[in-house]
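Overview (structure and organization)
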Amino acid sequence: MGINCGIVGLPNVGKSTLFNALTQTAAAETANYPFCTIEPNTGRVSVPDARLDALAKICKSQKIVPAFLEFVDIAGLVAGASKGEGLGNRFLANIRETDAILHVVRCFEDDDIGHVSGKVDPLADIEVIETELMIADLESLEGRVDGLTKKAKGADKDAKATLALVGRVLEQLRAGRPARELEISKDDDKYFQMLQLLTGKPVLYVCNVEEENAGTGNALSQKVAEFAAQSGAGAVAISAKIEAEVAQLTDAAERAEFLGALGLEETGLARLIRSAYSLLGLITYFTAGPKESRAWTIHNGTKAAQAAGVIHTDFERGFIASETIAYKDYVTLGSEVAAKEAGKMRAEGREYVVKDGDVMLFRFNV
C-alpha cells in the first residue's frame, strides 16, 4: 500500500532542505526567500528496518525490498492562503491529496535566515497554518449543507448520516478546533473520510532544531511537543541541516561515525518514519526466502486475507491460509524449517489479525 505524506510549513522553515535529505536528492531547490518551491516535488523513501536485514541474512536472500513512504514537498503557506494569498488554492489542493501532514516548524534561531513573520515562534506558526486549513474546511462544508439537506429530506440514509456529521464538524471548526480532534464512531468513519477534510488528516509536527539539539530537542520543540499531545497530533525533533549532511554520506560506516560524533545513534529520518508509522497506525509484515525478503506496510488491525491482497488481489480472492511465524521466533530459531519443527509456524485463516513483524507465506488458489 502506498502512503503519501505532505511536507508543509511556512516559508523558510526548512521544508525543502528536509525533503532533499529524506529523499537523498537535490530535487527541491532551496533558497532564502519565500515560495522557492512552487510545484510539489515527490520522492519515495525506503523505511529503515533492521528486522528485514536480519531475515535476509538468515534466508541468504538475493534481493531485499524495503517498505516505502512517499514524501511530497508542498509550497510554503502564508496567512490568507484560504483566500488565495501566496499560492493558497494550489497549496490546499496539494494537501488534500495526501494521507498525512508533516508540518515542519522552525525551532531554531538564525539571523542569516529570515522568518516570514519576523520572529521565531513555532506555536504562532502552527496557528497560522491550522487557521487557514480550518477556514478552508469551513467553506468546503458550508457549501455542501444545502445539497445534503435536500437529499436528507428524501430516503437517502447516507445523506442524513453525512449531514449530521457535517453539523458536528462545523461546530468543532467554528470553535477553533481541527476536525481530527472530533471523536468519530466506526459507523461515521466512512462518511468522515469522504469529506476529505484538511484538518481531519493526521499531523506530525517536525521540529527543525539546531545541530547540537538534534537528539534531545530544545525549549521551542518542547512547546510544540506539549501542544501536539493536547491536539491529537505527534511531534519529533530533528535537524534538517544534519540530515542534509548525512544524506551526502553513501558509506554506512561513515554515516555511523558522523552520527556518533554528534552523539546520535540513528538518523532523524528513522525517528521521523517511526513517528509517522505510529501516527498513521501502520505496521509491517514480512515475506522471506532465498530469492527475496520484503517488507509490506499495512494498517494495524488488518486481517490475513487483506494483508495477502496487498501483494496481489489474486492472493486475497483465492486465500486459503497463511503460514505465519513471529519475527522473534524466526530469528531466534534461525530458519523457517527450525521454526516449523519447534511448532512456532502457525496456519492462520483469513480472519487472523496480522501482528507487527509476522513473517508470512500465503497459500491461495485462484
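In this convention, every chain numbers its residues from 1, walking through the sequence in written order. Predicted model: local features are reported for residues with pLDDT of at least 70 only, side-chain atom pairs are reported and counted for 80 or more only, and whole-chain, interface and lining totals are derived from all residues. With hydrogens and water excluded, all non-hydrogen atoms of the structure serve as input to the side-chain values.

Now for the overall build of the chain. Tallying secondary structure elements over the chain gives 15 helices and 12 strands in all. Here the term buried applies to any residue with accessible area under 20% of the maximum for its type, exposed to any over 50%, and partly exposed to those in between, with areas from a 1.4 Å probe on protein chains only. Considering the chain as a whole, with its 366 residues, one finds that 48% of them fall into the buried category. Any two residues whose heavy atoms approach within 4.5 Å at even a single point are treated as in contact. For the chain, contacts bridging at least 24 residues in sequence account for 69% of all contacts bridging at least 6. Surface accessibility follows the Shrake-Rupley procedure with a 1.4 Å probe radius. Residue values consider only the protein chains on display as shielding. A total accessible area of about 17,900 Å² is found for the chain, and carbon and sulfur atoms account for 50% of it. The secondary structure listing takes helices from DSSP runs of H or I that are at least 4 residues long and strands from runs of E that are at least 2 residues long, numbered from the N terminus.

With respect to the element layout, N208 can be found in strand β6 (residues 203–208). Of note is the side chain of N208, whose polar atom sits 3.0 Å from the backbone nitrogen of A240. Beyond its immediate stretch of four places on either side in the chain, N208 contacts V13, G14, V104, V105, R106, C107, F108, I238, S239 and A240. Contacts described as polar in this section are N or O atom pairs within 3.5 Å, which, within protein, must combine one atom able to donate a hydrogen with one able to accept it, while residues neighboring in sequence count only if both atoms come from side chains.

Now for the confidence of the model for the chain. Of the residues in the chain, 88% reach a pLDDT of 70 or more, and the chain-wide mean stands at 86. Of the regions scoring below 50 in pLDDT, residues 25–39 engages in 40 contacts with residues more than four places distant in sequence or in other chains. Here residues 84–88 is modelled with pLDDT under 50, and outside its nearest four sequence neighbours on either side it reaches 11 contacts, counting other chains as well. pLDDT gives the predictor's per-residue confidence on a scale running from 0 to 100.

The next thing to look at is the packing of helix α9 (residues 240–247) against helix α10 (residues 252–261). Contact geometry for α9 and α10: axes closest at 10 Å, N-to-C directions at 155°. Between α9 and α10, the crossing angle belongs to the class labelled roughly antiparallel. Here α9 runs over α10; the crossing is right-handed. Residues I242, E245, V246 and A247 of α9 form the contact with α10, whose own contacting residues are R255, F258 and L259. For the contact of α9 with α10, the class distribution of residues is five nonpolar, no polar and two charged. For helices, the fitted line uses only the C-alpha atoms of the stretch in contact; every axis is such a line through C-alpha atoms, and the angle between N-to-C directions lies from 0 to 180 degrees. To sort the angles, those under 35 degrees are grouped as roughly parallel, those over 145 as roughly antiparallel, those from 65 to 115 as roughly perpendicular, and the leftovers as oblique. In this scheme the handedness of a crossing depends on how the near helix is turned from the far one: anticlockwise by less than a right angle means left-handed, clockwise means right-handed. Each residue gets one label: Ala, Val, Leu, Ile, Met, Phe, Trp, Tyr, Cys and Pro are nonpolar, Asp, Glu, Lys and Arg are charged, and the others, such as Gly, are polar.

A few words on the pattern of salt bridges. Salt bridge, as applied in this entry: a Lys or Arg side-chain nitrogen positioned within 4 Å of an Asp or Glu carboxyl oxygen. Considering all chains together, one arrives at 11 salt bridges under this definition. Between R274 and E266 there is a salt bridge; the shortest N-O distance is 2.6 Å. Classification of R274 by relative accessible area gives partly exposed; the value is 48%. Across the pair E292 and R294 runs a salt bridge, and its minimum N-O distance is 2.9 Å. Salt bridges sharing partners connect three or more residues here, namely D49, R51 and D356.

Looking now at the packing of helix α4 (residues 122–142) against helix α6 (residues 157–174). At a minimum axis distance of 10 Å, the contact between α4 and α6 shows a crossing angle of 150°. With respect to each other, α4 and α6 are oriented roughly antiparallel. Of the two possible hands of crossing, α4 and α6 adopt the one that is left-handed. Residue-level contacts link M134, D137, L138, L141 and E142 of α4 to V166, V169, L170, L173 and R174 of α6. Each residue belonging to the contact of α4 with α6 can be placed in one class, and the counts come to seven nonpolar, no polar and three charged.

With that settled, consider the pairing of strand β4 (residues 68–73). For two strands to pair, DSSP has to find at least two bridges joining them. Here strand β1 (residues 4–8) runs beside β4; their pairing, made up of four bridges, is parallel. Bridging from a neighbouring strand, I7 pairs with D73 of β4. Of the strand pairs in this sheet, strand β2 (residues 41–46) and β4 are connected by six bridges, and their pairing is antiparallel. The partner of N41 across the bridge, within β4, is D73.

Looking now at the packing of aromatic side chains. The rule is short: rings of Phe, Tyr and Trp, with Trp giving its six-membered ring, pair when the centres are within 6.5 Å, and they are stacked under 30 degrees, edge-to-face over 60, tilted in between. All told, the structure shown has six aromatic pairs when counted by the stated rule. Seen in terms of ring centroids, Y285 and W296 are 6.4 Å apart; in terms of plane orientation they differ by 20°. Their pairing is stacked. One end of the pair, Y285, is in strand β8 (residues 282–288); the other, W296, is in strand β9 (residues 292–299), with 11 residues separating them in the sequence. The structure contains a cluster of three or more aromatic residues connected by ring pairs, namely Y285, W296, F319 and F362. Over the ring of F68 we find R44; its NZ or CZ atom is 4.1 Å from the centre of that ring. We call a charge positioned over a ring when the NZ of a Lys or the CZ of an Arg lies within 6 Å of the ring centre and within 35 degrees of the ring normal.

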